[in-house]
Amino acid sequence: DGTFMMSNQDDHNSPVVIELAGVEKSFGRQKVLRGVNLQVREGRTLVIVGASGQGKSVIIKHMLGLVRPDRGEVKVFGRDMNRLTRKQKDEVRENFGVLFQNAALFDSLNVYDNVALPLRERTRLNEDEVREGVMAKLGLMGLQEAIDKFPAQLSGGMRKRVGLARALMLQPKIVFFDEPTTGLDAHKSNELYRLFYRTQQQLGYTAVIVSHDVPKIFKLADEVALLAEGQIQGCMSPEDFQLSEQPTIRAFVEETMGHLYSSDREENGLYAQV
C-alpha cells in the first residue's frame, strides 16, 4: 500500500536543524547513550528505530532540551541547548510540536479547549481568532463533529488526532512523535500515518518519529536511524536500510521484518529471472 510514499527522497542538501554530537547519558549506573551522533534535516522525516529500552525516547528528550547530556552537544537551529538560559530554551521550544504516546490530553477539557490551549497560553489572539485557528486544524483532522466531546469519550485513534491537532496549533517547524501508534490496530495506525503525511505535505514541518512500527513506518521516512548498544548504527534511506550489510542493521531488519524486507529492487530482480 504505497499510497503515501515520501517524495523528497534525494534532498540531502537541506540544512541541518538538529544535531547531536557525541551525546552520552547515564541514569545511575545504567549507561543509555554511549556517543550518539545524529543529524535531522529541515523538511524531512527522520525515524528512529531500535529495540525497546534502548533509549530512543531519551534522544527525543535531549532534542527537546528536557534532559542534559553528560557529554557531547545537542544543537537546535545551530544553538547549543546546554548553553542556553531557560528563557532562550523556551524560545527554541516555541518552534516545536510534540505528540506523546498517550496524546497527553487534559481529561477535564473538551476537544475544542484541548486544541485551543496552546493559542490561549502562548499567543494574544482574541477568542474569534482562536476559534478560527482551532476549527481549521480540526477540519484538517476530520474532527469537527467531536469538538464538544471529552477525551474519555473518544477512541484511541481520535485521541491521537486531537493530540496532533494540538501539536500543530502554533505552526511548529519541528514536530516530535514518540511511539505515536502505540495501542492502535493496523488500520488505525495506517490512517494516522496518512494524516502525518498529509499534514506534513501541507504544513512543511520537519518530523522526528520514534517508532517500533516496522516496516510500516518506513513509508513515511526519508531517513531511518537505528539506535542499538547506545549508538546510532547508521542513518540512511529506508531502501538502503533494508538492504544494509551492516551486521547490527541487518540483524534488526531480519528480526523485525523477517524476509518481508526483500525490497522492490530485489523483487524486480527475481521477476526478471522468471
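Only a predicted model underlies this, so the values are computations on that prediction, with no experimental measurement involved. (Residues numbered from 1 in each chain as written. Predicted model: local features only at pLDDT ≥ 70, side-chain atom pairs only at ≥ 80, totals over all residues. Heavy atoms only, no water.)

Caption draft 1: View of the pairing of strand 8 (residues 206-210). The buried fraction of strand 8 is high, at five of five residues. Here strand 8 shows no split at all, with Thr206, Val208 and Val210 on one side and Ala207 and Ile209 on the other all buried. Judged from the four bridges that link them, strand 3 (residues 45-49) and strand 8 form a sheet pairing that is parallel. Looking at the pairing, Ile48 lines up with Val210 of strand 8. With five bridges connecting them, strand 7 (residues 174-178) and strand 8 associate as parallel partners. (Buried < 20%, exposed > 50% of the residue type's maximum accessible area, 1.4 Å probe, protein only. Helix = DSSP H or I, 4+ residues; strand = E, 2+ residues; numbered from the N terminus. Pairing = 2+ DSSP bridges.)

Caption draft 2: Quick look at the sheet that holds strand 6 (residues 96-99). The strand order across the open sheet formed by six strands is 6-7-8-3-9-10, and the pairing between neighbours is mixed. The strands lining the two open edges of the sheet, one partner per strand, are strand 6 and strand 10 (231-236). Averaged over all pairs of adjacent strands, the angle between their axes in this sheet comes to 15 degrees, without regard to strand direction. Relative to strand 6, helix 5 (residues 156-167) is tilted by about 170 degrees, and along the sheet it contacts strand 6 and strand 7. (Axes fitted to C-alpha atoms, helices over the stretch in contact; angles between N-to-C directions. Contact = heavy atoms within 4.5 Å.)

Caption draft 3: Quick peek at the sheet that holds strand 4 (residues 71-76). With respect to topology, four strands assemble into an open sheet ordered 2-1-4-5, the strand pairing being antiparallel. The open sheet is flanked by strand 2 (30-41) and strand 5 (79-80), the only strands paired with a single partner. Across two bridges, strand 4 lies against strand 5 in antiparallel orientation. Each residue of the ladder has a partner; that of Val76, found in strand 5, is Arg79. Each of strand 1 (16-27), strand 2 and strand 4 is contacted by helix 1 (residues 56-63), which is oriented at about 60 degrees to strand 2, the strand it contacts most.

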